[in-house]
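Here's the letter readout for the chains.
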Amino acid sequence: MTVDDAEALDAADPLGFASARFRLPDGVIYLDGNSLGALPAMTPAALADVVNRQWGGDLIASWNDHSWIDWPIHVAARLAPIVGARPGELVIADSTSVSLFKLLAAAVQARSGRRTIVVQQRDFPTDLYVARGLASMLDLEVRAVGPDEILEAINEDVAAVLISHVDYRSGVVHDMAAVNAAAHASGSLAIWDLSHSAGAIEIDLIAAGTRLAVGCGYKYLNGGPGAPAFMFVDRDLQDELRSPLQGWMGHADPFAFVDDYRPAPGIARFLTGTPSILALAALDAGLATFEGIAMTALAAKSRQLSQLFIDAVEAGCGNEVRLASPRDPARRGSHVVFSHFEGYAVMQALIARGVIGDFRAPDLMRFGFAPLYNSFSDVFRAAEILAEVLSTGEWDEPRFKARSKVT
Ligand SMILES: Cc1ncc(COP(=O)(O)O)c(C=O)c1O
């Protein structure tokens, strides 16, 4: 692979046009869309319109006149083709952690009598914390198992299985259809965390038999820092489940102001409080960046980008770094991790050179590939810069070793 090859791939890229939908600073190669998606070019104007014209001009009438009240469901409709959901199966609200709590609690309540929640022991910590917190409230047991032990851990005592689709560290993709089938066969409910897969790889929730899922809005969906999360509930399950956080926005008739709680029919019952309109406006602009994009093309480019990066890093860096993600592209999400004993310092030195990735303890340098805005030549150049940073030893400076709060 040479720079000319990478440029040829860019010239032939059917998604090449989409990078104009984003604004990135000159001189930056941004490989951290798996943590915080880049700014969509239309977001500033979209937010300014909601602030100035709607909030500033139309004030409270906007809840009706601009349908603010329906945005949690309207904005979610843009997400449906990205994850393979049917209309009315998605809603946007809260954070991923809170959404997880809601769906996990609803699931275990619907499977009362069963005492176990299965989790993947190396999953993102918030998922484990939520499961353990809920289990201690309800006197249930959390069974944390390795990534290859999920299927055998599912038995008649399991109420729910909580698992990330793509592992936040290794990038491993878990087999959604297989876990769903095992959960279904045992009468339990699987809940998927799609934070690292939605908008990055192909997902067909319906074809995979998924019944419950959550995911965050600020990574590959480009909804901005702290963007709200989404919840997916299979339409045939919705009326069987109750949200544990009963609030007026999930009521069948919020403006009746009656004393008794009656859950809304359908997905709206998973809402709790007043939707965050500015955050929804930003997420809507983030989701608009997927308009006209075939998810098969997006997934294909994701695999090509990560493969190019792996090949170029291994060719340029030799044994100095070790691939800690699957080699098989079909088993990988859209990020790649390489380990290095001073991974934090190496990543800081890369960032100082304009190549932005992130670091996950203890020694993992994580590089995310957002097929909408990353080009093949940028990814190739990033691998070259990594090789330079390692061969010059420029990472070995005290300023690159001082840990910031956010890594
Ligand atoms: C798999 C996964 N779940 C959840 C979260 C974060 O949850 P929240 O949006 O509540 O901060 C992350 C954050 O990176 C994540 O990677």
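Small disclaimer: the values here were computed from a predicted structure and weren't measured.

Draft legend 1. Fine view of the packing of aromatic side chains. The tally for this structure, following the rule as stated, stands at 11 aromatic pairs. When the ring of Phe341 is compared with that of Trp395, the centres are 5.9 Å apart and the planes differ by 90°; the resulting orientation is edge-to-face. Within this pair, whereas Phe341 is found in the loop between strand 12 (335-339) and helix 11 (343-352), its partner Trp395 is found in the segment after helix 12 (376-392), the two being separated by 54 residues in sequence. Judged by relative accessible area, which is 67%, Phe341 ranks as exposed. Accessibility expressed as a relative area gives 10% for Trp395, which makes it buried. An aromatic cluster of at least three residues, connected via ring pairs, comprises Phe309, Phe338, Phe367 and Phe369.

Draft legend 2. Representation of the pattern of salt bridges in the model. The final tally for this structure, using the stated rule, is 20 salt bridges. Two residues, Arg111 and Glu240, come together in a salt bridge whose shortest N-O distance is 3.1 Å. Linking Arg111 in the loop between helix 5 (96-110) and strand 5 (116-120) with Glu240 in the loop between strand 10 (229-233) and helix 9 (277-288), this pair joins segments that are 129 residues apart in sequence. In this structure Glu240 comes out as partly exposed when scored by relative accessible area, which is 45%. Between Arg366 and Asp358 there is a salt bridge, with its nearest N and O atoms 2.8 Å apart.

Draft legend 3. Highlighting a nonpolar patch on the surface. Residues Trp55, Leu59, Ile60 and Leu278 make up a contiguous nonpolar surface patch of about 450 Å² in total accessible area. By the element assignment, Leu278 lies in helix 9. Take Leu278: its relative accessible area is 36%, and that puts it in the partly exposed class.

Draft legend 4. Main features of the pairing of strand 7 (residues 158-164). With 7 of its 7 residues buried, strand 7 lies for the most part within the structure. With 4 bridges joining them, strand 5 and strand 7 adopt parallel strand pairing. Across the sheet, Val119 pairs through a bridge with Leu162, a residue of strand 7. Of the pairings in the sheet, the one linking strand 7 to strand 8 (residues 189-193) comprises 5 bridges and is parallel in character. Considered in strand 8, the bridge of Ser164 is made with Asp193. Traced from strand 7 through helix 8 (residues 176-186) to strand 8, the parallel crossover comes out right-handed.

Draft legend 5. Region of interest: the sheet that holds strand 11 (residues 322-323). An order of 11-12-15-14 is seen for the 4 strands of this open sheet, with the pairing classed as antiparallel. Two strands bound the open sheet, and with one partner strand each, they are strand 11 and strand 14 (358-360). As judged from the 2 bridges shared by strand 11 and strand 12, these two strands associate in the antiparallel manner. Across the sheet, residue Leu323 finds its bridge partner in strand 12, namely Phe338. Packed on one face of the sheet, helix 10 (residues 295-317) meets strand 11, strand 12 and strand 15 (364-368) and runs near 20° to strand 12.

Draft legend 6. Spatial organisation of the site of the ligand. Looking at the ligand, the residues that line it are Ser95, Thr96, Ser97, Phe124, Thr126, Asp127, Ser164, Asp193, Ser195, His196, Tyr218 and Lys219. Between the ligand and the protein, one listed contact pairs a nitrogen atom with a side-chain N or O atom of Asp193 at 2.6 Å. For the ligand, whose free accessible area comes to 400 Å², the fraction covered by protein is 84%. Every element with two or more residues in the shell around the ligand is listed here: helix 5 and helix 6 (125-138). For the shell around the ligand, the per-class residue count stands at 2 nonpolar, 7 polar and 3 charged.

Draft legend 7. Quick look at the domain arrangement of the chain. Segmenting the chain into domains produces domain 1 (3-30 + 294-400) and domain 2 (45-288). Put simply, the middle of domain 1 and the middle of domain 2, counted by C-alpha atoms, are 30 Å apart. Residue-level contacts link 27 residues of domain 1 with 18 residues of domain 2. Contact with domain 2 buries surface across domain 1, with Met295, Arg331 and His335 losing the most and accounting together for 30% of the total. The tally of links from domain 1 across to domain 2 stands at 9 residue pairs in polar contact (both at pLDDT 80 or more).

Draft legend 8. View of the packing of helix 1 (residues 3-11) against helix 12. With their axes 7 Å apart at the nearest point, helix 1 and helix 12 run at an angle of 155° to one another. If you check the angle between helix 1 and helix 12, you find them roughly antiparallel. Listed contacts from helix 12 to Val3, Ala6, Glu7, Leu9 and Asp10 of helix 1 are Phe376, Ser377 and Phe380. Residue composition of the contact of helix 1 with helix 12, by class: 5 nonpolar, 1 polar and 2 charged.

Draft legend 9. Up close: the sheet that holds strand 4 (residues 90-93). In spatial order, the strands read 4-10-9-8-7-5-6; together these 7 strands make up an open sheet with mixed pairing. Either end of the sheet is taken by a strand with one partner, and the two such strands are strand 4 and strand 6 (141-145). Ignoring which end each strand starts from, the neighbouring axes of this sheet average 20° apart. In this structure, strand 9 (residues 212-215) lies alongside strand 10, joined through 4 bridges in antiparallel fashion.

Draft legend 10. Just the nonpolar core, in detail. Counting residues in hydrophobic clusters, the biggest one holds 55 residues, and the most contacted among them are Val83, Leu90, Leu194 and Leu221. Here the element with the most residues in this core is helix 4 (residues 71-83); it accounts for 7 residues. Counting residues domain by domain, this core receives three or more from each of domain 1 (3-30 + 294-400) and domain 2 (45-288). Sequence-distant contacts of Val83, that is, excluding residues within four places in its chain, are made with Leu90, Leu194, Ala198, Ile203, Asp204 and Leu205. Counting 35 residues, the second largest nonpolar core, distinct from the first, contains Phe309, Val346, Phe376 and Ala383.

Cut-off values and rules
- Residues numbered from 1 in each chain as written.
- Predicted model: local features only at pLDDT ≥ 70, side-chain atom pairs only at ≥ 80, totals over all residues.
- Heavy atoms only, no water.
- Phe/Tyr/Trp six-rings, centres within 6.5 Å; stacked < 30°, edge-to-face > 60°.
- Helix = DSSP H or I, 4+ residues; strand = E, 2+ residues; numbered from the N terminus.
- Buried < 20%, exposed > 50% of the residue type's maximum accessible area, 1.4 Å probe, protein only.
- Salt bridge = Lys/Arg side-chain N within 4 Å of Asp/Glu carboxyl O.
- Patch = residues over 30% accessible without salt bridge, like charges linked within 9 Å, V, L, I, M, F, W, Y side chains within 5 Å.
- Areas by Shrake-Rupley, 256 points an atom, 1.4 Å probe, with all protein chains shown as cover.
- Pairing = 2+ DSSP bridges.
- Right-handed = clockwise from strand over helix to strand, strands pointing away.
- Contact = heavy atoms within 4.5 Å.
- Axes fitted to C-alpha atoms, helices over the stretch in contact; angles between N-to-C directions.
- Near = heavy atom within 4 Å.
- Polar contact = N/O pair within 3.5 Å; in protein donor to acceptor, adjacent residues only side chain to side chain.
- Nonpolar A, V, L, I, M, F, W, Y, C, P; charged D, E, K, R; others polar.
- Domains from an automatic or database assignment.
- Buried area = accessible area lost by both parts, 1.4 Å probe.
- Parallel < 35°, antiparallel > 145°, perpendicular 65-115°, else oblique.
- Core = buried A, V, L, I, M, F, W, Y, C linked by side-chain atoms within 4.5 Å.

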